[in-house]
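Observations on chain architecture
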Amino acid sequence: QVQLVETGGGSVQPGESLTLSCTASEGISGIDNMAWYRQAPGKQRELVASITYGEVKKYTNSVKGRFTISRDDVKRTVWLQMNSLKPEDTAVYYCNADLQPLNSEVYSNWWGQGTLVTVSS
């Protein structure tokens, strides 16, 4: 069973840092695009950052210069380093990836279960 498992959420004060990680389970033969989304209370889910297989990175404007996405395909892991956190960064953060299961010839899109980040003084 293919899964994406996120860790690293928590409660911090404004200006502090957190690093989220997301690891794909074994049983996959390929990883393509990986991304982090977030959903704040009462708002739609939004794309925060993405990274391609060739490590081209994109960020939503509100996190540019503060967040960094990275990946290690050997470890089947994508990270989101979040610095200078603000209250408006409070949300459930979701990992998303295009994965090729071992028993499949195609890639399909997978979501993690989400991890809560709360930024408050």
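A few points on the structure. Keep in mind that this is a model prediction, so the values were computed, not measured.

1. Digging into the state of the cysteines
Scanning all chains against the criterion turns up one disulfide. Bridging C22 to C95, the disulfide has an S-S length of 2.1 Å. Here the S-S torsion is close to -80°, and the disulfide linking C22 with C95 is therefore left-handed. Taken together, the residues span a long stretch of sequence, with C22 in strand β3 (residues 18–24) and C95 in strand β9 (residues 91–101) at a distance of 73 residues.

2. Observations regarding the environment of T118
Mapping T118 onto the fold places it in strand β11 (residues 115–119). Taking the relative accessible area as the measure of exposure, T118 reaches 24% and is therefore partly exposed. Taking the C-alpha atoms as reference points, T118 and S104, 14 residues apart in sequence, are found 38 Å from one another. Beyond its immediate chain neighbours, meaning those up to four positions away, T118 contacts G10, S11, V12 and T90.

Reading the values: the criteria
Residues numbered from 1 in each chain as written. Predicted model: local features only at pLDDT ≥ 70, side-chain atom pairs only at ≥ 80, totals over all residues. Heavy atoms only, no water. Disulfide = S-S within 2.5 Å. Helix = DSSP H or I, 4+ residues; strand = E, 2+ residues; numbered from the N terminus. Buried < 20%, exposed > 50% of the residue type's maximum accessible area, 1.4 Å probe, protein only. Contact = heavy atoms within 4.5 Å.

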